[in-house]
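Chain by chain, the residues:
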Amino acid sequence: ALVLTGARPAGARMTPQAARHRVVITVGRIPIAVRTADAAFVRMLQQRYDGFLESGPELPCEYEFDVELSPPAGVDPDADVQVSRQGRSWVIERGDFRAEWDPHSRHGRIRQAPNPYSIDSVLRIVHTLILALRGGCLVHSASAVRGGKAYLFSGVSGAGKTTISRLAPRDVKVLTDEVSYVCKEPAGYRAYGTPFAGELGRPGANVDAPLAAVFLLAQGRENRIDEVPPAQAARAMLGNTLFFAQDAALVRGVFAGALDLVQSVPVRQLTFVPDARVWDLVGNAV
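Residues numbered from 1 in each chain as written. Predicted model: local features only at pLDDT ≥ 70, side-chain atom pairs only at ≥ 80, totals over all residues. Heavy atoms only, no water.

Enquirer: Before we move on, can you summarise the pairing of strand 13 (residues 188-192) with the specific residues and values?
Expert: Both strand 12 (residues 179-185) and strand 13 contribute to a ladder of five bridges, which runs antiparallel. Bridge pairing in strand 13 links Cys183 to Arg190. Taking the residues that link successive antiparallel strands as the turn, the strand 12-strand 13 hairpin has two residues. Sheet topology places strand 13 next to strand 14 (residues 208-219); three bridges connect them, and they run antiparallel. For Arg190, the partnering residue across the bridge sits in strand 14 and is Pro210. (Pairing = 2+ DSSP bridges. Helix = DSSP H or I, 4+ residues; strand = E, 2+ residues; numbered from the N terminus.)

Take a look at the structure:
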């Protein structure tokens with residue numbers, strides 16, 4: 001649960017009476033509760049996580065965070081993030097927030113600037129830690145569902161993730177244009193919609209589907225799909241997997257997970273021009 005209050009002295013705890021609001025943000029079927037005394041912040045969460053959020057004091061969740069709002073003066077949202085383990089807890093820090101999270105007690109605390117970017121970053125990082133233990137990952141990629149199958153479109157900034165999302169025809173449900181959520185399940189890998197938006201500036205569709213293919217994006221003079229050697233596919237997947245923790249065991253798990261994913265799901269190079277006809281290739285690629 002994330003609990004937000006007005007500005008308080010460092011180390012101050014929010015009382016149950018002060019935490020008047022509670023919302024649950026569910027991504028990848030993992031509900032995380034957010035509690036707060038700040039109604040304006042709740043309204044911001046409702047807008048930011050539209051389609052992924054429920055309100056109510058009794059809604060079940062897997063994890064909770066208490067969030068304390070700190071004054072925005074002097075924060076640096078562009079500072080590098082640091083994720084480290086201290087005892088049983090994870091400590092997540094950047095210039096605009098500091099979070100402590102104990103996965104065993106399923107509770108954490110966040111002190112952050114009163115903006116949506118801080119909490120968004122904390123949620124992304126928490127999900128990377130959860131997924132690392134479950135064989136999944138967050139991938140710097142767009143993703144979408146068509147015909148009951150999910151497709152990832154991965155690449156560096158400028159490769160065309162938002163472009164291909166904008167070109168999607170009406171029968172396509174865009175899961176995200178920025179950060180894709182991939183879980184390993186008994187039947188194979190599955191992609192979920194996320195509220196983590198890129199240039200589109202809106203949450204993805206809160207739906208999920210089996211992952212049918214991963215496309216490595218490149219813009220060119222024609223629409224073309226090419227085979228990708230396994231080693232190249234693994235390097236690309238690792239290069240686009242979001243993970244920040246300084247933990248050798250989890251890093252090995254992320255590495256092994258990326259190798260398993262590219263062995264289980266076809267990976268192709270998709271060269272395209274900014275034209276909606278590229279989607280004619282996608283469903284026939286695998």
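Structure's up, so let's keep going.
Enquirer: So what's going on with the packing of aromatic side chains? Which residues, and what values?
Expert: Scanning the model with the defined rule gives six aromatic pairs in all. Between Tyr181 and Tyr192 the ring centres are 6.2 Å apart and the planes differ by 75 degrees, which places this aromatic pair in the edge-to-face class. Taken together, the residues Tyr181 in strand 12 and Tyr192 in strand 13 connect sequence positions 11 residues apart. The exposure class of Tyr181 is buried, given its relative accessible area of 0%. Take Tyr192: its relative accessible area is 3%, and that puts it in the buried class. Grouped by ring-pair contacts, the aromatic residues Tyr151, Phe153, Phe215 and Trp279 constitute a single cluster. (Phe/Tyr/Trp six-rings, centres within 6.5 Å; stacked < 30°, edge-to-face > 60°. Buried < 20%, exposed > 50% of the residue type's maximum accessible area, 1.4 Å probe, protein only.)

Enquirer: Account for the pattern of salt bridges, naming residues and giving values.
Expert: This model, assessed by the stated rule, comprises 21 salt bridges. Among the ionic pairs, Arg35 bridges to Asp66, the shortest N-O distance being 2.5 Å. You can see Arg35 sitting in strand 2 (residues 30-36) and its partner Asp66 sitting in strand 4 (residues 63-69), a full 31 residues away along the chain. Overall, Asp66 belongs to the buried group, its relative accessible area being 11%. Asp120 serves as the salt-bridge partner of Arg124, at 2.9 Å between the closest nitrogen and oxygen. Here the residue Arg124 and the residue Asp120 both occupy positions in helix 2 (residues 116-132), the gap between them amounting to four residues, near one helical turn. (Salt bridge = Lys/Arg side-chain N within 4 Å of Asp/Glu carboxyl O.)

Enquirer: Could you give me a rundown of the sheet that holds strand 3 (residues 53-55), with the residues and numbers involved?
Expert: Taken in spatial order, the eight strands of this open sheet run 3-1-2-4-8-7-6-5, and their pairing is mixed. Pairing within the sheet leaves two strands with one partner each, and these edge strands are strand 3 and strand 5 (82-86). In this sheet, neighbouring strand axes are inclined to one another by 20 degrees on average, regardless of whether the strands run parallel or antiparallel. Pairing between strand 5 and strand 6 (residues 89-94): five bridges, direction antiparallel. Bridging across to strand 6, Gln86 finds its partner in Ser89. Along the sheet, helix 1 (residues 39-48) contacts strand 1 (21-27), strand 2, strand 3, strand 4 and strand 8 (107-112); its crossing angle with strand 1, the most-contacted strand, is approximately 20 degrees. (Axes fitted to C-alpha atoms, helices over the stretch in contact; angles between N-to-C directions. Contact = heavy atoms within 4.5 Å.)

Enquirer: I'd like a rundown of the packing of helix 1 against helix 2, residues and numbers included.
Expert: Two elements in contact, helix 1 and helix 2, have axes separated by 11 Å at closest approach and are oriented at 60 degrees. In terms of orientation, helix 1 lies oblique with respect to helix 2. Relative to helix 2, helix 1 is oriented so that their crossing is right-handed. Mapping the contact onto sequence places Phe41, Met44, Leu45 and Arg48 in helix 1 and Pro116, Tyr117, Ile119 and Asp120 in helix 2. Considering only residue class, the contact of helix 1 with helix 2 consists of six nonpolar, no polar and two charged. (Parallel < 35°, antiparallel > 145°, perpendicular 65-115°, else oblique. Left-handed = near helix turned anticlockwise from the far one by under 90°. Nonpolar A, V, L, I, M, F, W, Y, C, P; charged D, E, K, R; others polar.)

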